[in-house]
Amino acid sequence: MIEKYLLPCPQCKATHEIQPSQAGSTLVCDCGEHLELPTIRQIRQLEPISAATVSEQPEWSARKGTILAGICLALLSATPGVYWVATWPNQPTRDVPRSIEQATQLIGEMPVDRSWLYWYNEIDIRGLAYSLSSEEVEYQQLAERRTMFCYASFAGAAVGLMIALGGAFMGPTTQ
Ligand SMILES: [Zn+2]
């Protein structure tokens, strides 16, 4: 907070708010009197303006600043997360069975010669029932990365909201 003191005019007795940094300068009163401001030490011996009056303004600004910063951080953090969720890639589809249960069921419904061929071509040789296609591997890696980024994004947004809430509930600090 800035220290402020009251300097009375010797001519009209009006008081002027001055700061120690103004020491040595000249101030013109409304009555026309030129007031020579004393040294910093002498200024500090004048009547100070109460701390409550002076600190009111900066404290409210600090609070508003905290709330604003928190909201900005929340919005900035959440934006990519929302975008990533909105543009989530489609999971690639496949026409081969995903599980051994599905494969067994399919084979059970086929004539014996076809089921042997099916097993031979699709499951045994190509291993499609058990392994993932390159598109699926790509999708899984992308989905994992995106999930991580989304968590980070929403965690940042949560921190921003907490800062904003902290600012909103910030009580007046005692000097
Ligand atoms: Zn005056």
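See the structure shown above.
Remember, it's a predicted structure, so these values are computed and weren't measured experimentally. (Residues numbered from 1 in each chain as written. Predicted model: local features only at pLDDT ≥ 70, side-chain atom pairs only at ≥ 80, totals over all residues.)

Q: Would you take a moment to explain the overall build of the protein for this structure?
A: A tally of regular secondary structure across the protein gives 5 helices and 5 strands. Overall, the protein shows an N-to-C arrangement of helices and strands of β-β-β-β-α-β-α-α-α-α. Taken over 175 residues, the protein has a buried fraction of 5%. Partitioning the intrachain contacts of the protein with sequence separation of at least 6 by distance along the chain shows that 60% fall at a separation of at least 24. (Helix = DSSP H or I, 4+ residues; strand = E, 2+ residues; numbered from the N terminus. Buried ≥ 20, exposed ≤ 12 C-beta atoms within 10 Å, placed from the backbone. Contact = placed C-beta atoms within 7 Å.)

Q: Sorry if this is basic, but what is going on with the sheet that holds strand S5 (residues 47-48) here?
A: By way of backbone hydrogen bonds, the strands of a sheet pair with one another, either parallel or antiparallel. As summarised here, the arrangement of the 3 strands in space is S2-S1-S5, forming an open sheet in which the pairing is antiparallel. The open sheet has two free edges, formed respectively by strand S2 (15-18) and S5, since each of these has just one partner strand. Across 4 bridges, the pairing between strand S1 (residues 5-8) and S2 is antiparallel. Paired with Pro8 across the two strands is Thr15, which belongs to S2. (Pairing = 2+ DSSP bridges.)

Q: Please explain helix H5 (residues 134-168) as it appears in this structure.
A: An α-helix turns once per 3.6 residues; consequently, residues spaced three or four apart project the same way. Between the first and last C-alpha of H5 there are 51 Å, a value that for 35 residues agrees with the 51 Å anticipated at 1.5 Å per step. Those residues of H5 that fall on the buried side of the exposure criterion are Ser153, Ala157 and Gly160. (Expected span 1.5 Å × (residues − 1).)

Q: Which parts of the structure should I look at to understand the environment of Val159?
A: Along the chain, Val159 turns up in helix H5. A residue is classified by how many C-beta atoms lie within 10 Å of it, and Val159, with 14 of them, is partly exposed. Separated by 89 residues in sequence, Val159 and Gly70 place their C-alpha atoms 7.7 Å apart.

Q: Hey, could you run me through the pairing of S1 in this one?
A: Regular strands show a simple pattern: their side chains alternate between the two faces of the sheet. Between the end of S1 and the start of S2, which pair antiparallel, lie 6 residues, with Lys13 showing a positive phi angle near 70°. Two strands pair when backbone bridges link them, and S1 and S5 are joined in this way by 2 bridges, in the antiparallel orientation. Looking across to S5, one finds that Leu6 is bridged to Glu47.

Q: Sorry, what's going on with the environment of Cys150 here?
A: Inspection of the secondary structure puts Cys150 in helix H5. We classify Cys150 as partly exposed; it has 18 C-beta atoms within 10 Å. Residues Cys150 and Ala78, spaced 72 residues apart in sequence, show a C-alpha to C-alpha distance of 8.4 Å.

Q: Honestly, unusual backbone geometry in this entry has me stumped. Any pointers?
A: Glycine aside, residues mostly have negative phi, and peptide bonds are mostly found in the trans state. One non-glycine residue, Lys13, adopts positive backbone phi at about 70°. Examined against the element boundaries, Lys13 turns out to sit in the loop between S1 and S2. Of the residues examined, Lys13 has 9 C-beta atoms within 10 Å and is grouped as exposed.

So, to be careful, I would describe these as geometric facts and stop short of saying anything about function.
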